[in-house]
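# Reading the structure
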Amino acid sequence: MEHDSTGLLFDPRARAAMSEFAGDDTLAFEAAAAVRTAFQAIERMRSHGSEGRGLSSGAMDVLLRLSATGDDGLSIGELAQSAGVSSRNVTGLVDTLEKDGLVRRVQDPRDRRSVLARITPDGRAWIEAFRKPSQLAMAAIFRGFSPEELTSLRHLCLRLADNQQRLAEHLSAQEAR
């Protein structure tokens, strides 16, 4: 990483690659590359922390989502939607978590055709054991960020996700025509 003339970080290799691709207007492409780099850094941190405990970062994400639901549980579809992944992906993750005794499937009392995934007491214990190391890791990776910067980062990332969702809906509507 290097600093530009205003003192802000940039990746000269990404800039060079984006210049080849996009010409002089590389700012949005460089921003996308920076988001990807940041995502990969956080995923490496999550993966490093969870693999030593026997879970992929995807399984850990599902377990965390289930831990927030209390004893009600969530359907595979609800889990997939909240995580922004496919139901097929979540089914495999729930299979793994169930095999490890961290999650169990139960019949939905509101709909006999539906099944819910619920966190088990062992799953809650896993989460509790992982809490402090996760807090330390997040403090380290976001060291030097002010609360305002973290709030702005969260907002900007969610704006990106919202823009992507709107674009996907627009493209789906265009394809349906």
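First, a word on scope: everything that follows refers to the structure included in this document. (Residues numbered from 1 in each chain as written. Predicted model: local features only at pLDDT ≥ 70, side-chain atom pairs only at ≥ 80, totals over all residues. Heavy atoms only, no water.)

## Here's the deal with the overall build of the protein
Heads up, the condition is: Strands are runs of DSSP state E lasting at least two residues, helices are runs of H or I lasting at least four, and both sets are numbered from the N terminus onward. Atoms counted for the radius of gyration: C-alpha only. Globule rule: 2.2 Å times the number of residues to the power 0.38. A simple rule labels every residue: compare its accessible area, found with a 1.4 Å probe on the protein chains alone, to the largest value its type can have, and call it buried under 20%, exposed over 50%, or partly exposed in between. Contact definition: two residues touch when any of their heavy atoms are within 4.5 Å. Positive residues here are Lys and Arg, negative ones are Asp and Glu, while His and the chain termini are left out of the count. We put the charge of a Lys on NZ, of an Arg on CZ, of an Asp on CG and of a Glu on CD.
Counting its secondary structure elements, the protein contains seven helices and five strands. Secondary structure elements of the protein, listed N to C terminal, follow the sequence β-β-α-α-α-β-α-α-β-β-α-α. The C-alpha radius of gyration of the protein comes to 20 Å, more than 25% above the 16 Å expected for a compact globule of 177 residues. With the C-alpha coordinates of the protein rotated into their principal frame, the extents come out at 60 × 50 × 25 Å. When the 177 residues of the protein are sorted by exposure, 24% land in the buried category. At a minimum sequence separation of 6, the contacts of the protein that also span at least 24 residues come to 40%. When the 23 positive and 25 negative side-chain charges of the protein are each reduced to one mean point, those points stand 6 Å apart.

## Looking at the nonpolar core
Selection rule: Side-chain atoms within 4.5 Å are what join buried Ala, Val, Leu, Ile, Met, Phe, Trp, Tyr and Cys residues into a set we call a nonpolar core.
If you look at the biggest cluster of nonpolar residues, it comprises 21 residues, and the most contacted ones within it are Leu-63, Leu-66, Leu-79, Val-94, Leu-97 and Trp-126. Contributions of two or more residues to this core are made by helix 3 (57-67), helix 4 (76-83), helix 5 (87-99), strand 5 (111-119) and helix 6 (121-141). Setting aside its immediate chain neighbours within four residues, Val-94 contacts Val-62, Ile-76, Leu-79, Val-103, Arg-105 and Ala-117.

## A word on the pairing of strand 5
What counts, and what does not: Paired strands, as defined in this entry, are two strands with at least two bridges between them according to DSSP.
Summarising the sheet, strand 3 (residues 74-75) and strand 5 pair through two bridges and their orientation is antiparallel. Bridging from a neighbouring strand, Ser-75 pairs with Leu-116 of strand 5. Relative to strand 5, strand 4 (residues 103-108) is paired through six bridges, and the arrangement is antiparallel. Within strand 5, the position partnered with Val-103 by the bridge is Ile-119.

## Structural notes on a nonpolar patch on the surface
Rules: Any residue with relative accessible area above 30% and no salt bridge may belong to a patch, with like charges joined within 9 Å and the nonpolar Val, Leu, Ile, Met, Phe, Trp and Tyr side chains within 5 Å. The protein chains shown are the only cover counted for residues, whose accessible areas, like all others here, come from Shrake-Rupley with a 1.4 Å probe. Here, a salt bridge means any Lys or Arg side-chain nitrogen found within 4 Å of an Asp or Glu carboxyl oxygen.
A surface patch of nonpolar side chains, about 220 Å² in accessible area, is lined by Phe-145, Leu-150 and Leu-153. Looking at Phe-145, the relative accessible area reads 38%, which means it is partly exposed.

## Looking at the packing of helix 3 against helix 5
Just so we agree on the cut-off: Axis lines are fitted through C-alpha atoms, for helices just across the contact stretch, and the angle between N-to-C directions can take any value from 0 to 180 degrees. When an angle is under 35 degrees it counts as roughly parallel; over 145 it counts as roughly antiparallel; between 65 and 115 it counts as roughly perpendicular; any other value is oblique.
Where helix 3 meets helix 5, the axes come as close as 9 Å, and the angle between the chain directions of the two elements is 80 degrees. Here helix 5 runs roughly perpendicular to helix 3, going by the angle between their axes. Residues Gly-58, Ala-59, Val-62 and Leu-63 of helix 3 lie in contact with helix 5, whose contacting residues are Leu-93, Val-94 and Leu-97.

## Remarks on the layout of surface pockets
Threshold: Points on a 1 Å grid over protein atoms alone make up a cavity when a 1.4 Å probe fits among them but cannot get out, and a pocket when they form an open set with protein on both sides within 12 Å along at least five of seven lines; lining residues each have an atom within 4 Å of a point. Grid points are joined across faces, edges and corners, and a volume is the space filled by probe spheres set on the points. Residues are sorted three ways: Asp, Glu, Lys and Arg are charged, Ala, Val, Leu, Ile, Met, Phe, Trp, Tyr, Cys and Pro are nonpolar, and all the rest, Gly among them, are polar.
Its boundaries defined by the atoms lining it, the second largest pocket holds a volume of some 180 Å³. Every residue lining the second largest pocket is listed: Arg-65, Gln-81, Ser-82, Ala-83, Gly-84, Gln-164 and Gln-165. Taken together, the elements giving at least two residues each to the lining of the second largest pocket come down to helix 4 and helix 7 (147-176). It is helix 4 that contributes the most residues to the lining of the second largest pocket, three residues altogether. The residue inventory of the lining of the second largest pocket, partitioned by class, reads one nonpolar, five polar and one charged.

## What about the pattern of salt bridges?
If you walk through the whole model with that rule in mind, you get ten salt bridges. As a salt-bridge pair, Glu-98 and Arg-105 come within 2.5 Å of each other at their nearest N and O atoms. Overall, Glu-98 belongs to the partly exposed group, its relative accessible area being 31%. What you see here is one network of salt bridges that share partners, running through Asp-95, Glu-98 and Arg-105.

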